[in-house]
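# Coordinates in review
Each chain, written out:
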There are 2 protein chains.
Amino acid sequence: PREVWKKGGRLLSVLLSVNVLLLASTLVSGGAFNKVAVYDTDVFALLTTMMLLAALWILFYLLRTARRPGAVPYRDAHAGPIWLRGGLVLFGICSLVMDVFKTGYYSSFLECQSAIKILHPLIQAVFVIVQTYFLWVSAKDCVHVHLDLTRCGLMFTLTTNLAIWMAAVVDESVHQGSAHSNASHTRLLPDRRAGDSGDSSGDACSCDTAVCQIFQQGYFYLYPFNIEYSLFASTMLYVMWKNVGRLLAATHGHSHTVSRASLFRETYFAGPILGLILFVVGLAVFIFYEVQVSEEGGRTQQALVTYYSFNIVCLGLMTLVSLSGSVIYRFDRRAMDHHKNPTRTLDVALLMGAALGQYAISYYSIVAVVVGTPRDLLGALNLAHALLMIAQHTFQNVFIIESLHRGPPGEVPQESPPKEPCQGLTFDNLDALHTLPACPPTPRLVTPSPADPQAAVTVILAPRDHWRRRCLKDISLFLLLCNIILWIMPAFGARPHFSNTVEVDFYGYSLWAAIVNVCLPFGIFYRMHAVSSLLEVYVLS
Amino acid sequence: PREVWKKGGRLLSVLLSVNVLLLASTLVSGGAFNKVAVYDTDVFALLTTMMLLAALWILFYLLRTARRPGAVPYRDAHAGPIWLRGGLVLFGICSLVMDVFKTGYYSSFLECQSAIKILHPLIQAVFVIVQTYFLWVSAKDCVHVHLDLTRCGLMFTLTTNLAIWMAAVVDESVHQGSAHSNASHTRLLPDRRAGDSGDSSGDACSCDTAVCQIFQQGYFYLYPFNIEYSLFASTMLYVMWKNVGRLLAATHGHSHTVSRASLFRETYFAGPILGLILFVVGLAVFIFYEVQVSEEGGRTQQALVTYYSFNIVCLGLMTLVSLSGSVIYRFDRRAMDHHKNPTRTLDVALLMGAALGQYAISYYSIVAVVVGTPRDLLGALNLAHALLMIAQHTFQNVFIIESLHRGPPGEVPQESPPKEPCQGLTFDNLDALHTLPACPPTPRLVTPSPADPQAAVTVILAPRDHWRRRCLKDISLFLLLCNIILWIMPAFGARPHFSNTVEVDFYGYSLWAAIVNVCLPFGIFYRMHAVSSLLEVYVLS
């Protein structure tokens, strides 16, 4: 089953996915606004249907497609690494707990709910279990039968995950918004869904009992995990989609097999220890901030100063460390890895794309502080925080992307000039290859052939190289721990963007809330994704 | 000057561009909102600075970089085709006229304006002239000196064009919004920029004279051309950026040289004639609609019915014609063209991406009509219009993308199975190639070598093939003319989205205005881009 035109085969599935996604986002965003007569039951019904269909396709894939002879002739060694699949299982378990809480919450006022609200978490639990098993088993597959069906199925499942993600993000923002309006006693959303008789804020069905309160609290705290689960699953599905119909040389595995025993021996411990200290301090600052802000008294100022100071120190250190990592690479003699690698291309695109969210928030903050009139300590801290945020994202991205493109350790480039430009040409203009100056008439392997493993081992054990590798491992561990603490803070509800009044006064609450609620989920996803990328950097360097 | 790692070289320029673009979009969007204290002078100052810097870099490129020995060893035959450059010059001239009008408009109340408002159109005129000359001369260059500087310069110029585009779109929406608030006498934006003493709506500086009124009207009608100019320039700059440091075989030109004499002979005239009829009728409908809507009486209903009916007929015909084009391709034996071609990749991405704008508007309309209560004639027309819009975009994209990927006419695929999958492998795993079943040990040209031009000519003149080519040319001309009329309507101010009250009532004015004003510019750009792609399809088929 050779394909004549791969892009044409992909076109259909992309069109399907775009249309379904737009329909879902229309309903989800329509449901989020006050006066619009789209009820959340509509959204739930759409999501439930999508999850059911996706689960059915997954079962078909597992039972029929994957069992056809010659269905999976190749497996992509880069796809679905163990930390991604492990993270998926972890977040999947948290999602299941969330579904339990959600079912419990909606069961508390069963009599005045429509059935779809209880059905939705149950179907979601089934979907999570089926999908997690599917991705655990098949993430590396390069499918070669049922090409069109598999592409459409994968894209549809991907779309389902993105729709779930959108719905969760919108739900969280609405929750945040209603919390804000409660806190400031202004009630910006007084008649939210007044027409929806089954809403929890209605009079007949209030969440009074202690159990119900616990369920509600619990499921709002478990949201971030479900969001991450959807995004993890999406990235793995995308790589599977890219791999449909892909031909790989069976012997061309070049996976970086790491000796697990030496995993934690090869650092100077400076990175992990400094990172752990920052992690613990950050956790303390976060708890302090949350307690101070939620109190009724006017201690927000103090909490904000603490929060910003910690962030400035942390971001400054991370910027410096990323920079020094890039400097180390300037002296590194390892060859660049030019192999085609959909996983890595996606990783780079996601890192660059997700950073845009935090960039946007920072630029809006900078404009508000610089143009706005009051210039006090908090404004200065806010400005420094925004500037450092931009610098940190930039330099960390440069470091991670360069790390991911380095070849496996121990390889030194050959004496001949690098052949990267020749690679851009594909076979069809091989005749013209002789006209190019730098390319040898007979193309060879770019990565040095492992003909002389003895030499490679010597290089690995050479002291200078070892010193550099240790530094890089320290750097990646330090950045990893810092990214975790910077993920925890916004994911679990720290919103200095609203406690701080500069931007709210400058842009008005609704505009600023829209900016933050659209951009912050990307910023949170960036942290998560940076952690998984840094783990890869740590293992590879 | 061979690059070790091309992606790394691109990273810097992308980061620069992203940061500048975000800063610009923050200021532009901030300036568009009511209560925000960002004045349009700030935006003008930023844009003027950016245009000056970009013009300086262009001059440096033309005078220094391009004159270095060996600076441009290769030229990309696909980049900057004549219709793109011709369109650029055309829109550039319209932009210059717009700048004259703008200067005249602001000169009318010189005494109470800040100098930047008059400086801005003047600098813009200089920038347009310099950039148009630069793109006309160098659009095909594959630069090989000053790699980093050229990449950053190109990205910066691209960012400048995008910023100008954003500012123009925002300005147009604000103008639209104020027109709406004037028309409905509700004045949604009563105190817009009350703090800006130099604003045209201020008391001291009203635009009373007839000349000033003409200038103002004129420059609002010339906006669409300036918007298109910026987008055309952006796509050409992007292709140049992709081509920096690219190696091409000097002999590997395979440009489709067309005999210009036979350009218009090879159609059945059915397509162009039907297209012209639709074009003229559409123009009449457009003028009728504009006249009826702008009148004070309640004739909006009649105008809307006419407008929607014409659009439904036009879109329906386009859908059918695109579909039949795709059907013809199912019987076509021309080989797929698998050469690497940044221009085509960008074209496809832009077609797919820009269609999202119209998709989104259509889905929001569908939800509003289906969920909303009043079901009358207008609602049904609106629903049909939205559904056909989605179908038309989808099938037209499929047709255009397939057309762009066909090889030059007269080529028939070889008897051997297509070798596309082998192409995905690059040189570095050539050793493993022998393990693949379908690839011959010695890779050959995929496109048949022009060793036998006599045979190719025979195929071209064969009656059955000729019949298919004629049909395809008819189809592309018909679609081209339809896209032009569908471009003219929204670009010159037809807004049935607001005349029609269904969506405004359902979503509320501000939300619906935000949706339309964000998405419609993409829809308009899609029409423009489809026209240029269809012209290419016409020439190639």
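As the structure is a computational prediction, the values presented were derived from the model and not from experiment. (Residues numbered from 1 in each chain as written. Chains lettered and ligands numbered in written order. Predicted model: local features only at pLDDT ≥ 70, side-chain atom pairs only at ≥ 80, totals over all residues. Heavy atoms only, no water.)

## A short note on the overall build of chain A
If you tally the helices and strands in chain A, you get 16 helices and 2 strands. Burial status across chain A gives 57% buried among its 541 residues. Counted over contacts in chain A with a minimum sequence separation of 6, partners at least 24 positions apart contribute 88%. With an accessible surface of roughly 22600 Å², chain A has 68% of that area assigned to carbon and sulfur atoms. (Helix = DSSP H or I, 4+ residues; strand = E, 2+ residues; numbered from the N terminus. Buried < 20%, exposed > 50% of the residue type's maximum accessible area, 1.4 Å probe, protein only. Contact = heavy atoms within 4.5 Å. Areas by Shrake-Rupley, 256 points an atom, 1.4 Å probe, with all protein chains shown as cover.)

## Digging into the packing of helix α1 (residues 6–32) of chain B against helix α2 (residues 40–63) of chain B
Residue and element names in this part refer to chain B. Between α1 and α2, the shortest axis-to-axis distance is 9 Å and the interhelical angle comes to 155°. Accordingly, the angle class assigned to the pair α1 and α2 is roughly antiparallel. The crossing of α1 and α2 is left-handed. Contacts from Val20, Ala24, Leu27 and Val28 of α1 reach α2 at Val43, Leu46 and Met50. (Axes fitted to C-alpha atoms, helices over the stretch in contact; angles between N-to-C directions. Parallel < 35°, antiparallel > 145°, perpendicular 65-115°, else oblique. Left-handed = near helix turned anticlockwise from the far one by under 90°.)

## Quick word on the nonpolar core
Ranked by internal contacts, the top residues of the largest apolar core, which has 144 residues, are Phe134, Phe399 and Trp512 of chain B. For this core, the leading source of residues is helix α16 (residues 509–540) of chain B, giving 16 residues. Residue contacts for Phe134 of chain B: discarding those within four places in its chain leaves Trp57, Ile58, Tyr61, Leu62, Ala139, Leu154, Leu237 and Met240 of chain B. Residues Phe44, Ala360 and Ala491 of chain A together with Ala54 of chain B belong to the second largest nonpolar core, which totals 140 residues. (Core = buried A, V, L, I, M, F, W, Y, C linked by side-chain atoms within 4.5 Å.)

## Regarding the environment of Trp512 of chain A
All names here are of chain A. On the secondary structure map, Trp512 appears in helix α16 (residues 509–540). For the pair Trp512 and His497, spaced 15 residues apart in sequence, the C-alpha to C-alpha distance is 8.6 Å. Beyond its immediate stretch of four places on either side in the chain, Trp512 contacts Ile361, Tyr364, Ser365, His497, Phe498, Glu503, Val504 and Tyr507.

## Quick look at the pattern of salt bridges
Side chains that carry opposite charge are capable of pairing whenever their charged atoms lie near each other. Summed over the entire model, instances satisfying the criterion amount to 10 salt bridges over all chains. For Arg246 of chain B, the salt bridge goes to Asp76 of chain B, with nearest N and O atoms at 3.3 Å. One end of the pair, Arg246 of chain B, is in the loop between α6 (210–243) and α7 (270–294); the other, Asp76 of chain B, is in the loop between β1 (74–75) and α3 (82–107), and 170 residues separate them in sequence. For the pair Arg246 of chain B and Asp76 of chain B, one class covers both residues: buried. Where Glu402 of chain B meets Arg406 of chain B, a salt bridge forms, and the shortest distance between an N and an O atom there is 2.9 Å. In this pair, the class of Glu402 of chain B matches that of Arg406 of chain B, namely buried. One continuous salt-bridge network, built from bridges that share partners, spans Arg330, Glu402 and Arg406 of chain A. (Salt bridge = Lys/Arg side-chain N within 4 Å of Asp/Glu carboxyl O.)

## Considerations on helix α6 (residues 210–243) of chain A
Residue and element names in this part refer to chain A. Here α6 is 34 residues long and its end C-alpha atoms lie 49 Å apart, about the 50 Å a rise of 1.5 Å per residue gives. At Leu222, α6 shows its largest bend, some 35°, and a proline, Pro224, comes one to four positions later. Burial of α6 is extensive: 24 of the 34 residues sit out of reach of the surface. Of the residues flanking the end of α6, it is Gly245, one or two places downstream, whose phi is positive at about 75°. (Expected span 1.5 Å × (residues − 1). Bend = angle between axes of the 7 residues up to and from the residue.)

## Considering the side chain of Asp76 of chain A
All names here are of chain A. Using a relative accessible area of 2% as the deciding quantity, one classes Asp76 as buried. Among the polar contacts made by the side chain of Asp76, one reaches the side chain of Asn243 at a distance of 3.0 Å. For Asp76, the side chain forms a polar contact with the side chain of Arg246, separated by 3.3 Å. Excluding residues that lie within four positions of it along the chain, Asp76 makes contacts with Lys140, Cys142, Asn243, Arg246, Leu248, Pro342 and Thr343. (Polar contact = N/O pair within 3.5 Å; in protein donor to acceptor, adjacent residues only side chain to side chain.)

## Considerations on a nonpolar patch on the surface
Residues Phe269, Ile273, Leu274, Ile277 and Val281 of chain A make up a contiguous nonpolar surface patch of about 450 Å² in total accessible area. With relative accessibility at 39%, the residue Val281 of chain A sits in the partly exposed group. (Patch = residues over 30% accessible without salt bridge, like charges linked within 9 Å, V, L, I, M, F, W, Y side chains within 5 Å.)

## Quick word on unusual backbone geometry
Unusually for a residue other than glycine, His146 of chain A sits at a positive phi of about 50°. Following the sequence through the fold, His146 of chain A ends up in the loop between β2 (141–142) and α5 (147–183).

## As for the packing of helix α8 (residues 300–330) of chain A against helix α10 (residues 377–405) of chain A
Residues and elements named next belong to chain A. One can describe the packing of α8 onto α10 by two numbers: an axis separation of 8 Å at closest approach and a directional angle of 30°. The angle between α8 and α10 places the two elements in the roughly parallel class. For the pair α8 and α10, the sense of crossing is left-handed. When the residues that make up the contact of α8 with α10 are grouped by side-chain class, the tally is 18 nonpolar, 12 polar and 2 charged. (Nonpolar A, V, L, I, M, F, W, Y, C, P; charged D, E, K, R; others polar.)

## Topic: the packing of aromatic side chains
Evaluated as defined, the whole model comprises 48 aromatic pairs over all chains. Note on Tyr105 of chain A and Tyr219 of chain A: the rings are 5.5 Å apart at their centroids and 50° apart in plane angle, and the pair reads as tilted. Linking Tyr105 of chain A in helix α3 (residues 82–107) with Tyr219 of chain A in helix α6, this pair joins segments that are 114 residues apart in sequence. Looking at Tyr105 of chain A, the relative accessible area reads 3%, which means it is buried. Ring centres of Tyr364 of chain B and Tyr507 of chain B lie 5.5 Å apart, and the angle between their planes is 75°; on these two criteria the pair is classed as edge-to-face. Placement of Tyr364 of chain B in helix α9 (residues 342–371) and of Tyr507 of chain B in helix α15 (residues 501–507) is noted, with a sequence separation of 143 residues between them. With respect to class, Tyr364 of chain B is no different from Tyr507 of chain B; both count as buried. Connected via pairs of aromatic rings, a cluster forms that spans Phe44, Tyr105, Tyr106, Tyr219, Phe220 and Tyr223 of chain A. (Phe/Tyr/Trp six-rings, centres within 6.5 Å; stacked < 30°, edge-to-face > 60°.)

## Points about the environment of Ala386 of chain A
Residues and elements named next belong to chain A. Looking at the secondary structure, you find Ala386 in helix α10. Relative accessible area serves as the criterion here: at 3%, Ala386 is assigned to the buried category. C-alpha of Ala386 to C-alpha of Gln358: the two residues are 28 residues apart in sequence and 9.0 Å apart in space. With sequence-adjacent residues up to four places away left out, Ala386 is seen in contact with Ser362, Ser365 and Ile366.

## Quick notes on the confidence of the model for chain A
Residue and element names in this part refer to chain A. The pLDDT averaged across chain A works out to 80; a share of 79% of its residues lies at or above 70. The secondary structure element of chain A with the lowest average pLDDT is helix α11 (residues 420–423), at 40, and the one with the highest is helix α4 (residues 116–138), at 94. Residue range residues 185–203 is modelled with pLDDT below 50. Its contacts to residues more than four positions away, or to other chains, number 32 contacts. Our summary of model confidence lists the complex with pTM equal to 0.82 and ipTM equal to 0.79. (pLDDT = per-residue confidence, 0-100.)

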